[in-house]
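Given next are the chains, with one letter for each unit.
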Amino acid sequence: MTDQHLPEFQTLFEAPGLPRFDLPEAVERAYGAFGLAPRVVYSNFVSSIDGIVAIPDVQRSSALISGGDPADRFVVALLRAAADVVVIGAGTFRAHEGPWTSENAYPEAAQCFTEFRRAQGMGDAPRLVIVTASGDVGGSRSKLDDVIVFTTADGANDLGEDVAAAAEVVELGAARSIDMQEAVGWLFERGYGRILIEGGPKLMGEALKARIVDELFLTISPLVVGGGEEQPRPTLASGVELLPDAAQSGQLLSLHRKDAYLFLRYSLLEVGPS
């Protein structure tokens with residue numbers, strides 16, 4: 001691999017004191033310094049200028065919104081490279097082929113990211129976690145090998161024998177929804193320190209409502225896609241109401257630019273008055 005395969009980002013802002021990994025030279029030359037805390041829940045989304053992150057009934061709509069931009073794919077790969085687990089909703093699992101790995105997101109830098117993970121003492125790829133209250137995951141058994149499935153007691157009954165045989169099924173209560181705080185606690189207890197949530201927007205909305213997300217990585221695509229007519233198009237916090245009672249405020253940690261795309265990193269941790 002040569003550096004010509006990697007996009008070159010411009011660092012416009014970076015807060016002091018951020019963690020720093022010992023990145024492969026080519027990756028750091030392309031993106032700049034990057035690191036995460038050993039124990040962190042972070043999420044990654046791409047949004048249009050008008051705040052839309054998905055288009056219902058359109059396959060792989062996030063790629064449509066991002067325009068398949070190489071810089072966005074590189075950031076996806078970088079964030080996956082740092083993750084112990086990648087958490088997605090069942091709808092995202094059914095809609096995408098996967099796998100949720102750095103190599104799939106940005107194959108040109110696969111060797112760099114594999115070397116980075118090995119230097120960190122990690123396996124070649126993060127473990128996949130699917131969240132489904134209903135138990136409807138779809139997909140072939142081969143896609144479910146070594147996957148963790150968080151579901152309810154009712155959902156576990158509806159998963160089917162193939163899923164139960166291939167995946168590690170974890171029941172989290174009997175309610176209609178998954179307690180995201182309990183899910184994150186389960187992962188932390190089993191040694192998964194860096195937890196990446198990739199969506200979809202309904203799962204992200206539940207995660208934000210539960211206040212489990214420490215950091216948000218947000219790509220702003222230069223597209224304006226519209227909010228939809230007959231079927232609303234979701235924002236990254238779909239299905240929940242955070243204002244006026246549960247609003248969260250982000251603190252900007254870094255801002256990168258590549259052409260017309262902006263790459264923002266926010267802390268969502270609550271900070272008391274100084």
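Keep in mind that this is a model prediction, so the values were computed, not measured.

(A) Spotlight on the pattern of salt bridges. A full pass over the atoms with the stated rule returns 10 salt bridges. Close ionic contact of Arg94 with Asp136 constitutes a salt bridge, the shortest N to O distance being 3.7 Å. Of the two residues, Arg94 sits in helix α4 (residues 90–95) while Asp136 sits in the loop between β4 (127–131) and β5 (148–151), which places them 42 residues apart along the sequence. For Arg94, a relative accessible area of 44% puts it in the partly exposed group. Taking the relative accessible area as the measure of exposure, Asp136 reaches 42% and is therefore partly exposed. For the salt bridge of Asp124 with Arg118, the shortest nitrogen-to-oxygen distance reads 3.2 Å.

(B) Highlighting helix α10 (residues 201–209). Of all the residues in α10, the buried ones are Pro201, Leu203, Met204, Gly205, Ala207 and Leu208. On its buried face, α10 is in contact with β2 (40–47), β3 (85–89), β4, α9 (180–189), β7 (194–199) and β8 (215–220). Positive backbone phi, at 60 degrees, marks Arg211, one or two positions downstream of α10.

(C) Looking closely at the side chain of Ser254. Assignment of secondary structure puts Ser254 in strand β9 (residues 251–258). The contact partners of Ser254, leaving out residues within four places of it in the chain, are Phe13, Glu14, Phe263, Leu264 and Arg265.

(D) Representation of the environment of Asp69 within the structure. Here Asp69 shows up in the loop between α2 (61–66) and α3 (70–81). Taking the C-alpha atoms as reference, Asp69 lies 30 Å from Asp146; in sequence the two are 77 residues apart. When near neighbours in sequence (up to four residues on either side) are disregarded, Asp69 contacts Tyr261 and Phe263. A distance of 3.1 Å separates a polar atom in the side chain of Asp69 from the backbone nitrogen of Ala71.

Each value, and the rule that gives it
Residues numbered from 1 in each chain as written. Predicted model: local features only at pLDDT ≥ 70, side-chain atom pairs only at ≥ 80, totals over all residues. Heavy atoms only, no water. Salt bridge = Lys/Arg side-chain N within 4 Å of Asp/Glu carboxyl O. Helix = DSSP H or I, 4+ residues; strand = E, 2+ residues; numbered from the N terminus. Buried < 20%, exposed > 50% of the residue type's maximum accessible area, 1.4 Å probe, protein only. Contact = heavy atoms within 4.5 Å. Polar contact = N/O pair within 3.5 Å; in protein donor to acceptor, adjacent residues only side chain to side chain.

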